[in-house]
Amino acid sequence: MSQGEERFRIADLIGARVQGMQEYAPEPLAETARRLGVPMETLIKLDANENPYGPTDRAAQVLREYGEHHRYPDPISRRLRQAIGAYIGVDPEQVLVGNGSDELIDLLLRLFRPAPDASGGIGQVLDCPPTFGMYSFYGVANDMQVIELPRLPDYAVDVAAIEALCEKDPRPKVLFVASPNNPDGQLLPEPALRRLLALPLLVVLDEAYIEFAGGSRAGWVAERDNLVVLRTFSKWAGLAGLRVGYGVFPRALAPALLRLKSPYNVNGAAQAAALATLEDVAQAQERVRLLVAERERLFRRLQGVAVVEPHPSAANYILCRVRGYSLEELRQRMEAQGILLRYYGRGGLEQCIRISVGTPEQNDAVIAALEALPPRS
Ligand SMILES: Cc1ncc(COP(=O)(O)O)c(C=O)c1O
C-alpha cells in the first residue's frame, strides 16, 4: 500500500458526476480497417460528417510549408479572427477561436457555472435532444443541471415547451440549438429563433453546418446580448483533424472568454490552415456546392430505396429510418462492403442511421449497397 492509500482511496474522491459519464472514443479508421481485414484506403467513411475532399489546396500547401512548429502560436488568433470577421461580416472583437467549437461550448459553460457555494452564474442548461451530444456532456462536466426538452416527432424544436418552462421557472438558462440540427439536418426557423431570444435564455445557436444551408444568423449577435453563434472549420473547410472552431459572442462576453480560455488553445498549424482557407475561399465553396448537389441526389435516390426512409436535410448528412433490418444487421452488411455509417437506436432515433454525404462515387456505393438489400416487412 502506498502512502496515499493509507490516508484515502484516491479513486473514491473522483467527482460523482464523472462516474456516470461515457468515454467518447469512436474507433479510429486504421483500427476499423484492421478489424475488417481490409486496407484503410478502401473504406468508405461516412460516419462523422467529415468533408471527403479534405483541406483546400492552399491550406494543404500552407500546412506542408509550415515552419513554426517550435514556436508558440498567437494565443488570441489575431489574424484568423480578422479574417473570420471579414468572412462572415462581424466585428473581429466579437470572434473567439477555439480548439474545435467543442472547446467553446465548454468555455462558455465554464464562464457561467455557478461558484462552489452555488452563488451567481447560470446553473441550468437546456438541451433539445435528439441533437449533438456535447451540449449535455459539457453541461454535466461543468456541474450544471441539464434539462432535456425533447424535439417534436418531426425533430422541430418544441418552442412552446421551452416557453412554458421559462414561464414556470424564469431563472436564466443556457439553451443550445444546432441549426442545422445534428442528426436530422433541420434548420431552426427564424420565427422560432425570435421567440427563443425573447425568453430569459442565453441562446447558443450552433451553426457547425450552416455553409451547407445558407442563412447564418451570425450577424444578429451584434444587436443582441443573449445570442451566441458557433461555427467551425471542421465540416465545410475539411479541417476536422486540426480542431478549429469559432464563435461570435456578445460584446459583454468576448473579453471575459478571452481571459478564461487556455493560453494556446488553437495550435499554430491549425491557425495557418484556417487562415489559408479563408484567403482563398473559392475552392472550399465549390466543394460545398458539390456536396449540396450530392446531398440532394443522395436524398432522391434514398427515397426510392425500400429499406430506408430519408429525412430532408440542409446539412452534409441525411438521417434515415431503417425498415425491416435491425441496426446491428445493417451495420454488419454495410461494414462487409467497407461502408461506415452512424448507427443510433435510442432517444427518438430508434432504427435510425445517419449517412454523411461523400464523393459521388462513395454515395453511389452506399446507394447500391442499400438497394441490394431485399425488402422485409
Ligand atoms: C452540431 C455540431 N456542433 C459542433 C460540432 C463539433 O465541431 P468541432 O469539430 O468544431 O468541434 C459538431 C461535430 O460533429 C456538430 O455536429
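### A word on the overall build of the protein
Stage number 1. A count of helices and strands for the protein gives 14 helices and 13 strands.
Stage number 2. Over its C-alpha atoms the protein spans a radius of gyration of 22 Å, differing by no more than 12% from the 21 Å that the globule rule assigns to 377 residues.
Stage number 3. Its C-alpha atoms give the protein principal-axis dimensions of roughly 60 × 60 × 50 Å.
Stage number 4. Expressed as a percentage of its 377 residues, the buried residues of the protein come to 49%.
Stage number 5. In the protein, 70% of the contacts between residues at least 6 apart in sequence involve partners at least 24 apart.
Stage number 6. Put simply, the protein shows about 17,900 Å² of open surface, and 52% of that area lies on carbon and sulfur atoms.
Stage number 7. Of the side-chain charges in the protein, 42 are positive and 47 negative, and the distance between the mean point of each set is 1 Å.

### Side note on the site of the ligand
Stage number 1. Inspection of the region around the ligand gives 14 residues, with Ser101, Asp206, Tyr209, Thr232 and Ser234 positioned closest.
Stage number 2. In the model, an oxygen atom of the ligand is placed 2.9 Å from a nitrogen or oxygen of the lysine 235 side chain.
Stage number 3. Separating an oxygen atom of the ligand from a side-chain N or O atom of arginine 243 is a distance of 2.8 Å.
Stage number 4. Bound to the protein, the ligand loses 92% of the 400 Å² it would expose on its own.
Stage number 5. Element by element, the count of residues in the shell around the ligand is highest for helix 6 (residues 100-112), at 3 residues.
Stage number 6. Within the shell around the ligand, the residues separate by chemical class into 5 nonpolar, 5 polar and 4 charged.

### What to know about the packing of helix 12 (residues 282-303) against helix 14 (residues 360-371)
Stage number 1. Viewed as axis vectors pointing N to C, helix 12 and helix 14 meet at an angle of 10 degrees, and their least axial separation amounts to 11 Å. As summarised for this structure, helix 12 and helix 14 are arranged roughly parallel, according to the angle between their axes. Of helix 14, the residues touching helix 12 (which contributes Glu294, Arg297, Leu298, Arg301 and Leu302) are Pro360, Asn363, Asp364, Ile367, Leu370 and Glu371.

### Some points on unusual backbone geometry
A negative phi angle characterises most non-glycine residues, just as the trans form characterises most peptide bonds.
Stage number 1. With an omega of 0 degrees, the peptide bond running from proline 129 to proline 130 counts as cis.
Stage number 2. With an omega of 25 degrees, the peptide bond running from asparagine 182 to proline 183 counts as cis.
Stage number 3. With respect to the secondary-structure elements, proline 183 resides in the loop between strand 5 (173-178) and helix 9 (190-197).
Stage number 4. In this structure, serine 77 takes a positive phi of about 45 degrees despite not being glycine.
Stage number 5. Residue placement: serine 77 occurs in the loop between helix 4 (57-65) and helix 5 (78-88).
Stage number 6. Look at serine 77 and you get buried, because its relative accessible area is 2%.

### Observations concerning the sheet that holds strand 7 (residues 227-232)
Across a sheet, paired strands are connected by hydrogen bonds in the backbone, their directions being either parallel or antiparallel.
Stage number 1. Pairing in this open sheet of 7 strands is mixed, and the strands run 2-8-7-6-5-3-4 from one edge to the other. Looking at the sheet topology across the chains shown, the edges are occupied by strand 2 (95-98) and strand 4 (145-148). Neighbour to neighbour, the strand axes of the sheet diverge by 25 degrees on average, direction disregarded.
Stage number 2. As judged from the 4 bridges shared by strand 2 and strand 8 (residues 245-248), these two strands associate in the antiparallel manner. Looking across to strand 8, one finds that glycine 98 is bridged to glycine 245.
Stage number 3. Of the strands in this sheet, strand 2, strand 3 (124-127), strand 5, strand 6 (201-206), strand 7 and strand 8 touch helix 6, which is tilted by about 115 degrees from strand 2.

Reading guide: rules and limits
- Residues numbered from 1 in each chain as written.
- Predicted model: local features only at pLDDT ≥ 70, side-chain atom pairs only at ≥ 80, totals over all residues.
- Heavy atoms only, no water.
- Helix = DSSP H or I, 4+ residues; strand = E, 2+ residues; numbered from the N terminus.
- Rg over C-alpha atoms; globule rule 2.2 N^0.38 Å.
- Buried < 20%, exposed > 50% of the residue type's maximum accessible area, 1.4 Å probe, protein only.
- Contact = heavy atoms within 4.5 Å.
- Areas by Shrake-Rupley, 256 points an atom, 1.4 Å probe, with all protein chains shown as cover.
- Lys, Arg positive; Asp, Glu negative; His and termini not counted.
- Charge placed at Lys NZ, Arg CZ, Asp CG, Glu CD.
- Near = heavy atom within 4 Å.
- Polar contact = N/O pair within 3.5 Å; in protein donor to acceptor, adjacent residues only side chain to side chain.
- Nonpolar A, V, L, I, M, F, W, Y, C, P; charged D, E, K, R; others polar.
- Axes fitted to C-alpha atoms, helices over the stretch in contact; angles between N-to-C directions.
- Parallel < 35°, antiparallel > 145°, perpendicular 65-115°, else oblique.
- Pairing = 2+ DSSP bridges.

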